[in-house]
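Commentary on secondary and tertiary structure
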Amino acid sequence: MREDRSQKTENLIYFPGCTLKTTAKPLEDSALKVAEALGMEIKEMPQWYCCGTVYSLAQDDLIKQLASIRNLILVQTLGHNEIMTLCSMCYNTLAQSNLLVRKDEKKLEKINQFISEQPDYKREIEVKHFLTLLKKVGTEKIKEVVKNGLSGLRIACYYGCLLLRPKEVGIDNYEQPTILEELMESLGATPVYFPYQTECCGSYHTAIKPEIVARRVYHILENARENRAELVVTSCPLCYFNLKDRQKNIKKIYPDFKKIPVRYFTEIMSQALGV
Amino acid sequence: MRLVLKKNKHILQKIEEISGENVFACYQCGMCTAGCPMVSEMDVLPNQVIRLLQLGAMEEVINTRTVWLCASCYTCGARCPKGVNLSRLMEAIRLMILREQNQDYVKIEKIVKESLPQIALISALRKFTS
Ligand code: SF4
Ligand code: SF4
């Protein structure tokens, strides 16, 4: 019986989400290469819907939960029991919707009734982020496949909000996470002390008020630099855009600002693994 | 600031209904404000938003920039000693305004003309339009 269970947890399918197929293609490409090098089998869902990108906090409006639940039902129908994401926003939205219907039977019933074209959601799907899977693989195994060690490269690991908060869905400690640091260390890098690692970058305000995001990101990047980071890594395509592309907006507000490179953690991994 | 102290029960009830939060659970310690990343852009501090709700000063609440600047980062809720989920209250106030006024906070033309990640665009539209 036990063996059956552990096999079942391997029964996972990959949900890309919209951004991974477009602006965040480098995240997907590098993550899939890394997974292959580590012997993980990552299958993509043959069909999926946009999750809605931000979890709706309204208790009286279930319409915005439908997209997430529809995806979870698709996974259930395919006979899998874990859905994996690379995007922090997809992760958060799917995980919070899942939590909502797990806690609230009445809401689930309403949603199931509404989604009449699909079978009822049985609440058995687990939402996972790629980082959690890598943690399960373990740093020992990762160390074994490193080809080009990062020889002490000083990295600031930026988490942002949605991998960690709310804490019920967080993949690590929501104030002092270490999952990215441990990973970078296993590649031979030196993670730096970085108190701003969980500070919000301004998120979707980038679409209407880029200068607000530039001011937020300035403080985050300066904090990384003060701690002598040579590079910042992140896992979220929106954080990535804000930390990297908004540096040109920062320059306009703070002319003395010096640019700092930003990469997806998977890009750094694929470089270290030589894939 | 001059406060209009009208106990507007209906609006408060609506906000509590949408958010599922009890505004009177807050004892004004200020922890939410201390950790809020957007606070330097705000006109009313996050803990003051709750205080205004407690006092029934709905006009002030409705007219503040703060609720639109909140980025739903969940820092306040993670740290609140009373377990108040302020992100939900901020969303409830935004939604109440969007629903009542039947007018979006941001018009599509106001979105920056740059190639943005889809998640930026969709989440902004989800938060700022009804
Ligand atoms: S942290 Fe909680 S109790 Fe303290 S002021 Fe904010 S909402 Fe109120
Ligand atoms: S959720 Fe909003 S109010 Fe709370 S800390 Fe974040 S930006 Fe501030």
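In the nomenclature of an unreviewed UniProt entry, chain A corresponds to Heterodisulfide reductase, subunit B from the organism Desulfofervidus auxilii.

1. Here's the deal with the sheet that holds strand S3 (residues 126–129) of chain A
The pairing of strands in a sheet happens through backbone hydrogen bonds and is either parallel or antiparallel. All names here are of chain A. One open sheet holds the three strands; their spatial order is S1-S2-S3, and the pairing between them is parallel. Each of the sheet's edge strands pairs with one partner strand only, and the pair in question is strand S1 (12–14) and S3. Neighbour-to-neighbour, the strand axes of this sheet turn through a mean angle of 30 degrees, independent of strand direction. Bridging between strand S2 (residues 82–85) and S3 involves four bridges; their strand directions are parallel. Within S3, the residue paired with Thr85 across the bridge is His129. Contacts between helix H4 (residues 88–103) and the sheet are confined to S2 and S3, with S3 contributing the most and set at about 160 degrees to the helix. Packed on one face of the sheet, helix H6 (residues 130–137) meets S1, S2 and S3 and runs near 80 degrees to S3.

2. Quick look at the pattern of salt bridges
For the structure on display, the rule yields 24 salt bridges over all chains. In this structure, Lys248(A) engages Glu114(B) in a salt bridge whose closest nitrogen and oxygen atoms are separated by 3.1 Å. Highlighted residues: Lys248(A) in helix H11 (residues 247–253) and Glu114(B) in the loop between helix H7 (86–101) and helix H8 (118–128), drawn from two different chains. On the basis of relative accessible area, Lys248(A) is assigned to the partly exposed category, the value being 40%. According to the relative accessible area criterion, Glu114(B) is partly exposed, its value standing at 30%. A single salt-bridge network, built from bridges that share partners, covers Lys21(A), Lys25(A), Glu28(A), Asp29(A) and Glu44(A).

3. Let's talk about the UniProt feature "domain: Cysteine-rich" (unreviewed entry) in chain A
Residue and element names in this part refer to chain A. Per the UniProt record, "domain: Cysteine-rich" (unreviewed entry) is annotated on residues 14–94 and 156–244. End-to-end, the C-alpha atoms of residues 14–94 are 13 Å apart, and along that stretch the chain is 40% helix and 6% strand. As annotated, residues 156–244 comprises 37% helix and 9% strand, and the C-alpha atoms at either end are separated by 14 Å.

4. Quick word on the site of ligand 1
Residue and element names in this part refer to chain B. Cys26, Cys29, Gly30, Cys32 and Cys80 are the nearest of the 13 residues found near ligand 1. Among the secondary structure elements, those contributing two or more residues to the shell around ligand 1 are helix H2 (31–35) and helix H3 (46–55). Its residues placed into classes, the shell around ligand 1 shows nine nonpolar, three polar and one charged.

5. Details of the confidence of the model for chain A
The predicted model of chain A has a mean per-residue pLDDT of 95, with 96% of residues at 70 or higher. Every residue in residues 1–9 of chain A is under pLDDT 50, and counting partners more than four places away or in other chains gives three contacts.

Analysis parameters
- Residues numbered from 1 in each chain as written.
- Chains lettered and ligands numbered in written order.
- Predicted model: local features only at pLDDT ≥ 70, side-chain atom pairs only at ≥ 80, totals over all residues.
- Heavy atoms only, no water.
- Pairing = 2+ DSSP bridges.
- Helix = DSSP H or I, 4+ residues; strand = E, 2+ residues; numbered from the N terminus.
- Axes fitted to C-alpha atoms, helices over the stretch in contact; angles between N-to-C directions.
- Contact = heavy atoms within 4.5 Å.
- Salt bridge = Lys/Arg side-chain N within 4 Å of Asp/Glu carboxyl O.
- Buried < 20%, exposed > 50% of the residue type's maximum accessible area, 1.4 Å probe, protein only.
- UniProt positions renumbered as here; feature names shortened; annotations may be inferred.
- Near = heavy atom within 4 Å.
- Nonpolar A, V, L, I, M, F, W, Y, C, P; charged D, E, K, R; others polar.
- pLDDT = per-residue confidence, 0-100.

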